[in-house]
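As a plain string of letters, each chain reads:
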Amino acid sequence: MPGLRWIGAGLSGVLTGCILSAQPAAGPAATPAASPAVAGKPAGKSEVPRVFYTGRGQFEIIAVESAAAQATLELATNVWNALAPLMELPAEGFSSAVAVRLVPAEQWKETMLFTTVMEPGGLVNVRIRWTAGMDSLVVRRALVQALLLRRAVAWHGTSEHVTVPLWLEQACTAWSLTKERPAMLDAMQQESVRLPPPPLESLLGWQRGTVESRGWELASFWLLLHLQVESGNERHWEAWVQAILGGADGVRALQRTYGGLWRDEATRELWWQVGFYHQRNLYLLPMLTAGESREWLADRSRWLSVQEGRERVLTPDALWNARQEPWVQAELKERTRQLQTKLAVIHPFYRNAVISMGLMNEAALKGKAADFKNATDALARDAEDGRELEAATAAALDAISARH
């Protein structure tokens, strides 16, 4: 079975490839750990790529620079967590992880910013042109594209028909962004105010290789939200997305799964137009559940570092000792920004813990040891308080449910 090659740029307004074409199989893909050095460079200690994992069967990040790997590892974790419920990603991970190779810009030979390849056997690899100032949106879209392709392979095998529709890729990229930064939802709604919806059939048939319209990117996101709402308990969404990733025509598959919602093409188009305006104008204040808040806080509390070639979780003391390292400084600033964004939507049980974590990060950035220790202790207490409140509430609800 020939490998399937995807080429893509992740920027609106750029002539985007992401074209699907068959290529002769070049044999089994080399495992990332077997690569002695980055192509074109002599092997040497500073050039040996390292492998980082977000989780078993999720993403593996292969990079020469630790700072690049750390940033991508963080983003890949967020993308996986955001798409896990939407795309029914397996809790135990896939049988093989998506390999993400960060290629230094001076070694990049492609015209696009990233390429995604399905190898014989179903392995999915994505290569990203990496620079120090790389736009995170490009990396996010590359990760989303590769993960959707891996989801398609898990459902349909290495069929030549597997595909990732452009509108779905755009929608899932926006979905993951709003899950990480809820305030982006308001910004996207404001941006969409004067944009008319494209015809549904045209949006579903959106092809790669053209100048990508920002209006169509936003419409893709509103379509995804509309389909989620309309799916209801019938699980139309799951059946439909599995069909289109297998190469089914979007409109025909939509008719088979959601067709009970309309009588004819005109009604179907009206259904979409109404859904577009509703989602675009709906005022939403996303609020995480207590469980989601706890998991997000735990993820923000976890610091991974590579020491002597092995990944280790940093203790608070180790984090303090490493606070002046460039990647730690950059990550402290980024996590503080995320905390500020998330505070408005975090569950009240864990709001104090988020504030304490922000104070801890700030103390580390400013080098204030006493403040860092106080904030670290407060974070532990606040997180425990949140867990106790969550458990007590669950017990009370269970008791009420049992009585009725």
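Structural notes, computed from the coordinates.

1. Brief notes about the overall build of the protein
Looking only at helices and strands, one finds 14 helices and nine strands in the protein. Counting across all 404 residues of the protein, residues that qualify as buried make up 49%. Within the protein, contacts between residues separated by at least 24 positions form 70% of all contacts whose residues are at least 6 apart in sequence. As presented, the protein carries roughly 19400 Å² of accessible surface, and 54% of it is formed by carbon and sulfur atoms.

2. Observations concerning the packing of helix 3 (residues 166-180) against helix 4 (residues 183-191)
Running from N to C, helix 3 and helix 4 cross one another at 130°; their axes reach a closest spacing of 6 Å. It follows that helix 3 is oblique to helix 4 by the angle criterion. Only Met184, Leu185 and Met188 of helix 4 make contact with helix 3, whose side of the interface consists of Ala174, Leu177 and Thr178.

3. Things to note about helix 4
Those residues of helix 4 lying buried are Leu185, Met188 and Gln189. The buried residues of helix 4 occupy an angular sector of 100° when the element is viewed end-on, so they sit on one face. Among the structural elements, helix 3, helix 6 (214-231) and helix 9 (265-281) are those in contact with the buried residues of helix 4.

4. Topic: the environment of glycine 57
Along the polypeptide, glycine 57 turns up in the loop between strand 3 (50-53) and strand 4 (59-63). Distance from glycine 57 to serine 96, taken between C-alpha atoms, is 5.2 Å for residues 39 residues apart in sequence. Beyond its immediate stretch of four places on either side in the chain, glycine 57 contacts Trp80, Gly93, Phe94, Ser96 and Ala97.

5. With respect to the pairing of strand 4
The buried count for strand 4 comes to five of five residues, which makes it a mostly enclosed element. The alternating pattern of strand 4 places Phe59, Ile61 and Ala63 and Glu60 and Ile62 on opposite faces, both of which are buried. Both strand 3 and strand 4 contribute to a ladder of four bridges, which runs antiparallel. Counted as the bridge partner of tyrosine 53 is glutamate 60 from strand 4. Taking the residues between adjacent antiparallel strands as the criterion, strand 3 and strand 4 are bridged by five residues, where glycine 57 takes a positive phi near 70°. Here strand 4 runs beside strand 5 (residues 98-104); their pairing, made up of four bridges, is parallel. If you follow phenylalanine 59 over to strand 5, its bridge partner there is valine 98.

6. Remarks on the packing of aromatic side chains
The geometry of an aromatic ring pair comes down to the distance between the two centres and the angle between the two planes. Applying the stated criterion across every chain, the model contains twelve aromatic pairs. Here tryptophan 80 and phenylalanine 94 contribute two aromatic rings whose centre-to-centre distance is 5.8 Å and whose plane-to-plane angle is 80°, an arrangement assigned as edge-to-face. Taken together, the residues span a long stretch of sequence, with tryptophan 80 in helix 1 (residues 66-86) and phenylalanine 94 in the loop between helix 1 and strand 5 at a distance of 14 residues. The exposure class of tryptophan 80 is buried, given its relative accessible area of 5%. Phenylalanine 94 gets classed as buried once you look at its relative accessible area, which sits at 8%. Plain terms: the ring middles of phenylalanine 221 and tryptophan 222 are 5.1 Å apart, the flat faces sit at 50° to each other, and that makes the pair tilted. In this structure an aromatic cluster arises from ring pairing among Trp167, Trp237, Trp240, Tyr258, Trp262 and Trp271. Between arginine 300 and the ring centre of tryptophan 296, over which it is positioned, the NZ or CZ distance is 5.9 Å.

7. Let's talk about the nonpolar core
Ranked by size, the top nonpolar core spans 75 residues in total, and within it Leu83, Met87, Trp167, Leu168, Leu224, Trp237 and Trp240 carry the most contacts. A total of eleven residues in this core trace back to one element, the largest contributor, which is helix 2 (residues 136-156). Once residues within four sequence positions are removed from consideration, leucine 83 is found in contact with Glu88, Leu89, Val144, Leu147, Cys172 and Trp175. Core analysis: the next-biggest nonpolar cluster, separate from the first, contains 26 residues, Leu288, Leu297, Ala322 and Ala364 among them.

8. Quick look at unusual backbone geometry
With phi around 50°, glutamate 88 is a residue other than glycine that occupies positive phi space. Along the chain, glutamate 88 turns up in the loop between helix 1 and strand 5. Taking the relative accessible area as the measure of exposure, glutamate 88 reaches 33% and is therefore partly exposed.

9. Re a negative patch on the surface
A cluster of acidic residues, Glu201, Asp249, Asp264 and Glu265, forms a negative patch on the protein surface. Structurally, aspartate 249 can be placed in the loop between helix 7 (236-245) and helix 8 (250-258).

10. Looking at helix 1
Counted at 1.5 Å a residue, the expected span for helix 1 with its 21 residues is 30 Å, and the 31 Å between its end C-alpha atoms agrees. Extensive coverage of helix 1 is indicated by the burial of 15 of its 21 residues. Where helix 1 ends, the next residue or the one after it, glutamate 88, has phi of about 50°, a positive value.

Calculation rules
Residues numbered from 1 in each chain as written. Predicted model: local features only at pLDDT ≥ 70, side-chain atom pairs only at ≥ 80, totals over all residues. Heavy atoms only, no water. Helix = DSSP H or I, 4+ residues; strand = E, 2+ residues; numbered from the N terminus. Buried < 20%, exposed > 50% of the residue type's maximum accessible area, 1.4 Å probe, protein only. Contact = heavy atoms within 4.5 Å. Areas by Shrake-Rupley, 256 points an atom, 1.4 Å probe, with all protein chains shown as cover. Axes fitted to C-alpha atoms, helices over the stretch in contact; angles between N-to-C directions. Parallel < 35°, antiparallel > 145°, perpendicular 65-115°, else oblique. Arc of directions from axis to C-beta. Pairing = 2+ DSSP bridges. Phe/Tyr/Trp six-rings, centres within 6.5 Å; stacked < 30°, edge-to-face > 60°. Lys NZ or Arg CZ within 6 Å of the ring centre and 35° of its normal. Core = buried A, V, L, I, M, F, W, Y, C linked by side-chain atoms within 4.5 Å. Patch = residues over 30% accessible without salt bridge, like charges linked within 9 Å, V, L, I, M, F, W, Y side chains within 5 Å. Salt bridge = Lys/Arg side-chain N within 4 Å of Asp/Glu carboxyl O. Lys, Arg positive; Asp, Glu negative; His and termini not counted. Charge placed at Lys NZ, Arg CZ, Asp CG, Glu CD. Expected span 1.5 Å × (residues − 1).

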